[in-house]
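A closer look at the structure
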Amino acid sequence: MIRSQLFEHTPAPRSRRDFLAKAGFGFGSLALTALLAEDSAGADADPLAPKSPPRDASAKQVIFLFMSGGPSHMDTFDPKPDLTRLHGEKLPASFGPVTTRRGVDKNRLLASKRTFRKHGQSGIEVADWFPHLAKCVDELCILRGCYGDSVTHPESVYLMNTGSILMGRPSLGSWVTYGLGTENRNMPAFVVLPDPGGWPKGGSPAWGNGFLPSTFQGTLVRGGKSPITHLDSPKGISTAQQRRTLDFIAESNREHLASRGADSELEARIAAYELAFRMQSHAPEVVDISQETKETRTLYGLDRKDTAEFGTRCLLARRMIERGVRFVQLYSGDTNGWDAHSDLEANHGKLCQQSDQPIAALLTDLKRRGLLDSTLVIWGGEFGRTPMTEGTSGRDHNPHGFCMWMAGGGVKGGQVVGSTDAIGLRAETDKAHVHDIHATILDLLGFHHKRLTFRHNGRNERLTDNGGEVISAVTG
Amino acid sequence: MLILPESPAMFYCRFTLVLCALAACLPVIRAESKPEHADHWAWHSPKRPEIPVPKHSKPQQPIDAFVRVRLEAVALPHSKPATREQLLRRATFDLHGLPPTPDEIRDFVADSSPNAWEKVLDRLLASPRYGERWGRHWLDLVRYADTNGYEFDESRPDAWRYRDYVIRSLNADKPYDQFLTEQLAGDELPNRTADALIATGFNLLGPDMTDSSDQAQRRLNTLNDMTDTAGLAFLGLTIACARCHDHKFEPFPQTDYFRLQAFFTPAAFRRDLSVASPEDVAKHTRANAEYQELTRSVRESIDALEQPIRTRLFDAKLKKLPPEARAAHRTPAEQRTGAQLELVANTERRVAVSSAEILKELPEAERAKLVELQNQLKSFDGRKPAPLPVAMGLTDRPGPPAKTFLLERGELKLPAGEVQPGYLVVLSSGQRTVPVSIASSSAGTGRRLTLAKWLTQPDHPLTARVMVNRLWQNHFGRGLVPTASDFGVHGEAPSHPELLDWLANEFVSGGWKLKRMHKLMLLSETYQQSVNDAEAHRVAHAKDPENRWLWRMNRLRLEGEAIRDSLLLVSGQLNPKMGGPGVVLPTTAGVAGGSRPITATPDATEYTRRSIYLFARRNLRDPFLESFDLPDSNLSCPRRERSTTATQSLTLLNAEETTSAATALAKRLQNESKTTPAQVNRAYQVLLGRQPTSTEQTRAERFLQDSPLSELCRALMNTNEFVYLD
């Protein structure tokens with residue numbers, strides 16, 4: 001199990017006593033004594049116990065706002081006046097051959113219809129689709145020189161989430177919870193809030209645990225009374241009955257344990273049932289936004305039809321971060337999402353309208369609650385889009401150059417790092433491969449990406465595979 | 001030391017013998033000095049060790065002699081035997097993945113004959129439930145799933161034939177050398193059978209991005225996947241690490257990887273291998289000719305209407321394909337190269353024009369006519385023969401084999417020199433690069449068959465050791481080599497090297513039969529030890545907490561499949577039907593990302609079949625099994641994780657699987673026993689395989705004063721005793 005894996009530079013979990021005290025275990029001194037007696041084995045049995053990273057770091061939790069389908073960088077956070085100038089012309093020969101998904105390399109260039117204006121003290125230019133987020137621009141570190149490895153959705157979704165274009169490797173959220181455990185055992189450590197319209201292309205492996213233990217996989221959470229699969233007591237079973245049944249299980253298990261001597265796995269399973277019961281009562285509270293003030297609800301746009309859905313999920317993300325969930329991933333856009341092969345204006349216009357205010361609200365709300373410093377917020381999709389047009393009004397996939405941004409969690413805001421070329425086709429200066437972005441995220445959380453490893457089939461696997469350099473400018 | 005195969009005159013008399021001139025074709029091969037770690041134990045054939053004699057006991061079974069001698073050396077006791085109830089429960093789960101019935105327990109407890117235990121093992125091994133249980137272990141290793149993965153996650157409608165092949169082979173106790181050979185090279189066997197062809201599906205079970213923008217890269221990904229998996233599953237080596245560079249920890253130069261890959265390069269990746277019997281083919285041909293004759297005129301009329309539009313739509317679709325695929329489609333079928341045939345097969349779906357599409361394009365007047373003609377054609381459907389069965393698998397492409405190149409950093413665009421098929425240097429004669437002689441035949445290049453023959457030589461250093469270690473791991477919870485797919489220098493050393501070698505020798509000399517090995521292991525006193533003998537625990541636990549020296553039996557936990565299947569069995573719901581296409585439960589039928597929904601199996605009685613028959617979707621896994629560490633099926637999984645989480649507890653507490661089983665079991669108990677005390681007694685027997693203690697009896701009766709019987713069942717299904725074996 002975990003203990004036998006090479007887990008360089010990460011100290012053992014904090015003491016079990018500490019963990020139990022935090023988690024508020026209520027199952028009596030018998031089990032507690034037994035657990036303390038076998039501290040090392042106990043750590044083995046509880047891979048989600050909170051752990052400190054090898055280095056002190058301000059970022060402790062992560063929110064990844066994933067713009068599924070691939071938003072256009074030229075129409076959002078990477079203004080390209082030269083593209084406007086060259087509108088309608090063919091891609092100049094000097095750019096050389098370029099691969100895209102649908103072979104648009106010979107198509108004409110398409111100017112952005114957006115207006116970019118400078119905002120904040122930093123004067124960073126942002127498209128007019130983001131009136132709310134523009135006000136937060138001094139919190140953002142915009143990475144304009146990102147690039148990836150594949151022109152297709154699933155490969156790029158996997159790359160951005162797992163560091164490999166091949167499916168089946170552990171996701172970023174899994175790695176982070178493997179490294180840090182979680183502070184709130186009443187909730188899953190790694191929560192995924194997909195768009196109600198559909199999952200990203202590539203499906204659940206995007207938040208899968210790959211070869212890591214399944215403890216670390218993302219758990220789907222939705223709003224409402226039944227946020228997690230199997231959370232509700234079975235139909236017709238009252239809370240009192242559920243408690244009676246659980247008591248019967250606990251009593252049987254304790255007797256079973258007592259007749260078998262100390263066994264950390266049996267003990268862990270007894271504890272897991274107590275956690276399960278608390279999760280049953282706690283999780284609905286976490287997703288219950290009825291107690292939020294009117295001001296907060298308005299801030300997130302819950303009072304407006306177009307922002308209410310994404311706003312609710314952003315608010316849920318804040319509530320979970322507040323309650324110690326380690327990693328929250330929100331998907332914007334259904335299965336097609338931002339994949340604007342045609343009519344980019346309508347597609348992006350709608351998605352920006354839905355997400356701009358909620359995301360700005362999330363940053364604002366985290367900040368005023370003192371959570372932004374310890375919460376890393378990441379915005380981006382699986383790739384950007386081509387400066388060449390597809391049809392008359394769309395853009396094709398572009399993994400050669402695109403933008404993302406980060407905020408909070410020790411990130412130096414109000415700056416732009418890296419750039420694409422004059423028309424936004426390829427990353428050009430301070431280029432950041434997806435491995436570099438992952439290395440930076442782990443760095444912000446206090447890990448060296450080469451040392452957060454898990455031994456699998458004879459290899460010390462890591463998120464960044466054989467690559468990755470920390471983008472030092474991100475922390476300023 | 002391993003010797004190359006002797007001239008296989010008897011076997012190969014029908015084939016021409018071709019020697020692949022190898023010579024030093026590779027500038028990249030280093031000057032051949034002895035590789036590093038040349039003396040590592042796993043590179044050398046197992047010698048048959050003498051059975052040692054322990055000082056303080058005289059065990060009947062050789063396995064126990066090896067274990068006891070070690071225990072004596074480290075001054076540890078062994079544990080007393082488990083009770084008969086515990087033993088039967090342990091062995092029944094171990095061999096069937098299901099609990100014993102109260103009657104079976106009663107019979108065994110009452111059987112005073114000296115070979116009572118052996119009779120139990122014979123009974124369990126003879127049951128078809130054995131193949132369903134151990135087939136699942138094998139499917140973990142070969143990354144089995146019923147879909148392609150990636151965006152569209154399309155169904156593989158014939159993957160199940162491989163799953164059934166595995167179950168069938170295990171139940172028939174097919175010798176492992178044959179099992180291995182069929183999977184690597186069943187298509188190249190003389191007198192190949194349908195099963196041997198189906199077996200080659202092994203190579204194609206990994207994920208596959210069918211709509212990749214780079215079909216050459218897609219083919220390489222599949223080749224890599226089959227090379228890696230063969231290395232892990234059969235050799236127990238992490239050869240994949242040598243794809244991009246010389247292995248960092250093992251003496252595998254990068255050339256080793258591509259020499260191994262060269263055995264697979266000539267293969268075409270097929271999804272249309274005919275696996276019908278000659279009689280069925282003849283019958284089908286006859287029926288089809290009749291059908292064609294009957295429908296000739298109506299089909300010709302339809303064609304006349306459809307053809308112009310079909311051509312136009314096809315051309316439009318073809319334009320969207322990459323240039324090499326376009327060229328392949330434009331080449332007349334009989335002139336296509338092997339690669340083109342494959343490319344066409346792989347992209348056919350994307351250029352296919354449906355009748356509905358044509359109908360839309362037709363002028364109004366002709367539309368009615370076409371519909372009428374189609375209805376006429378449909379009226380003959382009853383005479384149309386059902387399509388013949390096909391399977392996924394390999395056959396070598398016709399013509400000279402494609403070249404294999406060493407790829408720098410494993411990248412397709414960086415070929416560095418041609419390589420020929422060859423074995424790992426450390427496992428080759430004299431631990432140096434040796435040319436491999438390969439006999440081609442009408443069935444193919446003979447490369448994969450040569451590889452299989454090398455792997456199944458009686459003195460191969462790894463094949464038998466790796467397999468007996470997998471058996472040991474699944475019986476005892478931990479392998480003699482704990483890293484079951486890593487026997488390299490960097491893997492963990494065997495705890496009992498002589499025992500491992502003795503078992504490997506027994507395996508080969510016994511004709512590579514698995515059932516014989518299961519029985520040997522389960523007959524041992526080591527297997528029959530108690531999990532918690534307090535006396536042994538007091539002395540041994542501090543010295544050997546991980547039970548490396550086998551002073552007790554490890555406590556095993558049921559996998560998700562065993563839990564689900566048990567719930568179905570105890571509640572009388574289990575549908576024992578074997579084989580056939582995977583069952584799609586309504587819970588896993590929906591859309592998942594870019595994948596289309598899959599039609600749920602219409603017949604609800606199928607939903608209660610054993611878990612191994614559930615349709616395995618890569619992008620949407622069964623939530624119940626997933627919460628119990630179902631491996632993700634994208635990579636070979638040598639050993640399942642065993643996690644304990646609150647969400648897992650919630651699943652077993654609240655899932656429909658549990659509640660419906662609890663309700664059904666309660667009904668069954670009420671039918672079988674009229675009084676509450678009797679029902680409680682029966683519940684413990686059915687679920688936990690034993691009588692309740694008086695404390696338990698009292699507690700349960702008290703619980704039933706304000707809770708229904710179904711809740712007692714649900715509670716017991718959630719206890720540690722239900723999911724952990726003593």
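Reference entry: report on the structure contained in this document. (Residues numbered from 1 in each chain as written. Chains lettered and ligands numbered in written order. Predicted model: local features only at pLDDT ≥ 70, side-chain atom pairs only at ≥ 80, totals over all residues. Heavy atoms only, no water.)

What follows is about the overall build of chain B. The number of helices and strands found in chain B is 30 helices and eight strands. Computed over its C-alpha atoms, the radius of gyration of chain B comes to 29 Å, within 12% of the 27 Å expected for a compact globule of 726 residues. On the principal axes, the C-alpha backbone points of chain B span a range of 85 × 70 × 45 Å. When each of the 726 residues of chain B is scored for burial, the buried share is 59%. Taking as baseline every contact in chain B between residues at least 6 positions apart, the subset at least 24 positions apart corresponds to 74%. Approximately 29100 Å² of chain B is accessible, and the part contributed by carbon and sulfur atoms is 56%. Within chain B, the 90 negative side-chain charges are centred at a point lying 0 Å from the centre of the 93 positive side-chain charges. (Helix = DSSP H or I, 4+ residues; strand = E, 2+ residues; numbered from the N terminus. Rg over C-alpha atoms; globule rule 2.2 N^0.38 Å. Buried < 20%, exposed > 50% of the residue type's maximum accessible area, 1.4 Å probe, protein only. Contact = heavy atoms within 4.5 Å. Areas by Shrake-Rupley, 256 points an atom, 1.4 Å probe, with all protein chains shown as cover. Lys, Arg positive; Asp, Glu negative; His and termini not counted. Charge placed at Lys NZ, Arg CZ, Asp CG, Glu CD.)

Bringing the overall build of chain A into the picture now. Assigned secondary structure in chain A consists of 12 helices and 17 strands. A globule of 476 residues ought to have a C-alpha radius of gyration of about 23 Å, and chain A, at 23 Å, matches this closely. With the C-alpha coordinates aligned to their principal axes, the bounding extent of chain A is approximately 80 × 50 × 40 Å. The 476 residues of chain A split such that 64% are buried. Relative to all contacts within chain A whose residues are 6 or more apart in sequence, the contacts with residues 24 or more apart total 78%. Taken as a whole, chain A presents about 16300 Å² of accessible surface, with 50% of it coming from carbon and sulfur. Between the mean site of the 56 positive side-chain charges and the mean site of the 54 negative ones, chain A shows a separation of 1 Å.

With that settled, the discussion passes to helix H11 (residues 254-261) of chain B. Residue and element names in this part refer to chain B. Counting buried residues along H11, eight of its eight residues qualify, which places the element largely inside the surrounding structure. Buried within H11 are the following residues: Gln254, Thr255, Asp256, Tyr257, Phe258, Arg259, Leu260 and Gln261. Where H11 is buried, its residues contact helix H10 (215-235), strand S4 (404-407), strand S5 (415-419) and helix H17 (447-455).

Next up on the list: the interface of chain B and chain A. At the junction of the two partners, chain B supplies 73 residues and chain A supplies 67 residues. Carbon and sulfur atoms supply 54% of the area that chain B and chain A bury against each other, a total of about 6000 Å² over both sides. When the buried surface of chain B facing chain A is broken down by residue, Tyr150, Arg699 and Asn720 of chain B rank first, second and third, together holding 11% of it. Glu255 of chain A is the partner of Arg699 of chain B in a salt bridge, and the nearest nitrogen-oxygen pair spans 2.2 Å. At the surface where chain B touches chain A, the tally comes to 30 residue pairs in polar contact (both at pLDDT 80 or more). Looking at the side of chain B that touches chain A, the element that brings in the most residues is helix H25 (residues 646-654) of chain B, giving eight residues. Class assignment of the residues belonging to the side of chain B that touches chain A gives a composition of 25 nonpolar, 28 polar and 20 charged. (Buried area = accessible area lost by both parts, 1.4 Å probe. Salt bridge = Lys/Arg side-chain N within 4 Å of Asp/Glu carboxyl O. Polar contact = N/O pair within 3.5 Å; in protein donor to acceptor, adjacent residues only side chain to side chain. Nonpolar A, V, L, I, M, F, W, Y, C, P; charged D, E, K, R; others polar.)

This part covers the nonpolar core. Counting residues in hydrophobic clusters, the biggest one holds 165 residues, and the most contacted among them are Trp138, Tyr162, Leu184, Leu503 and Leu712 of chain B. Formed by 59 residues, the second largest nonpolar core is a distinct cluster that contains Ile289, Val328, Leu330 and Leu366 of chain A. (Core = buried A, V, L, I, M, F, W, Y, C linked by side-chain atoms within 4.5 Å.)

Residues and elements named next belong to chain B. Using the criterion set out here, one finds 35 aromatic pairs over all chains in the structure. Relative to Tyr423, the ring of Phe263 has its centre 5.6 Å away and its plane inclined at 10°; by these criteria the two rings are stacked. In this pair, Phe263 sits in the loop between H11 and strand S2 (267-274) while Tyr423 sits in the loop between S5 and strand S6 (437-440), placing the two residues 160 residues apart along the sequence. Here the two residues Phe263 and Tyr423 agree in accessibility, since each one is buried. (Phe/Tyr/Trp six-rings, centres within 6.5 Å; stacked < 30°, edge-to-face > 60°.)

Before going further, it helps to examine the packing of H10 of chain B against helix H18 (residues 463-476) of chain B. All names here are of chain B. Their axes nearest at 8 Å, the elements H10 and H18 cross at an angle of 75°. The angle between H10 and H18 places the two elements in the roughly perpendicular class. Where H10 abuts H18, its residues Leu232, Ala233, Phe234 and Leu235 lie against Thr463, Val466 and Arg470. In terms of residue class, the contact of H10 with H18 is made up of five nonpolar, one polar and one charged. (Axes fitted to C-alpha atoms, helices over the stretch in contact; angles between N-to-C directions. Parallel < 35°, antiparallel > 145°, perpendicular 65-115°, else oblique.)

What follows deals with the pattern of salt bridges. Residue and element names in this part refer to chain A. Following the criterion strictly, the structure yields 92 salt bridges over all chains and no others. With its nearest N and O atoms 3.3 Å apart, the salt bridge here joins Arg243 to Glu274. Taken together, the residues Arg243 in helix H7 (residues 239-258) and Glu274 in helix H8 (residues 264-286) connect sequence positions 31 residues apart. The exposure class assigned to Arg243 is partly exposed, which follows from its relative accessible area of 22%. Three or more residues are tied together by salt bridges with common partners; here these are Glu285, Glu292, Glu295, Arg318, Arg319, Glu322, Arg323, Asp365, Arg368 and Arg369.

The subject of this paragraph is the packing of H18 of chain B against helix H19 (residues 497-509) of chain B. Residues and elements named next belong to chain B. Between H18 and H19, the least distance of the axes is 9 Å, while the angle of their chain directions is 105°. Overall, the two elements H18 and H19 adopt an arrangement that is roughly perpendicular. In this structure, H18 contributes Ala464, Arg465, Met467, Val468, Asn469 and Trp472 to the contact, and H19 contributes Leu499, Leu500, Asp501, Leu503, Ala504, Phe507 and Val508. Its residues assigned to classes, the contact of H18 with H19 comprises 10 nonpolar, one polar and two charged.

Let us look at the environment of Cys713 of chain B. Residue and element names in this part refer to chain B. Position of Cys713 among the secondary structure elements: in helix H29 (residues 709-717). Among the residues examined, Cys713 registers a relative accessible area of 0% and is labelled buried. C-alpha of Cys713 to C-alpha of Trp117: the two residues are 596 residues apart in sequence and 30 Å apart in space.

So, about the environment of Pro234 of chain A. Counting through the fold element by element, Pro234 of chain A comes out in the loop between strand S6 (219-220) and H7. According to the relative accessible area criterion, Pro234 of chain A is buried, its value standing at 8%. Ignoring any residue separated from it by four or fewer positions in sequence, one finds Pro234 of chain A in contact with Gln242 of chain A together with Leu653, Asn654, Thr659 and Arg714 of chain B.

The residue His230 of chain A is not glycine, and still its phi comes out positive at about 65°. With respect to the secondary-structure elements, His230 of chain A resides in the loop between S6 and H7. Of note in the backbone geometry, Asn191 of chain B takes a positive phi value of approximately 50° without being a glycine. For Asn191 of chain B, the location among the structural elements is in the loop between helix H8 (176-185) and helix H9 (194-199). Exposure remark for Asn191 of chain B: the relative accessible area of 70% places this residue in the exposed category.

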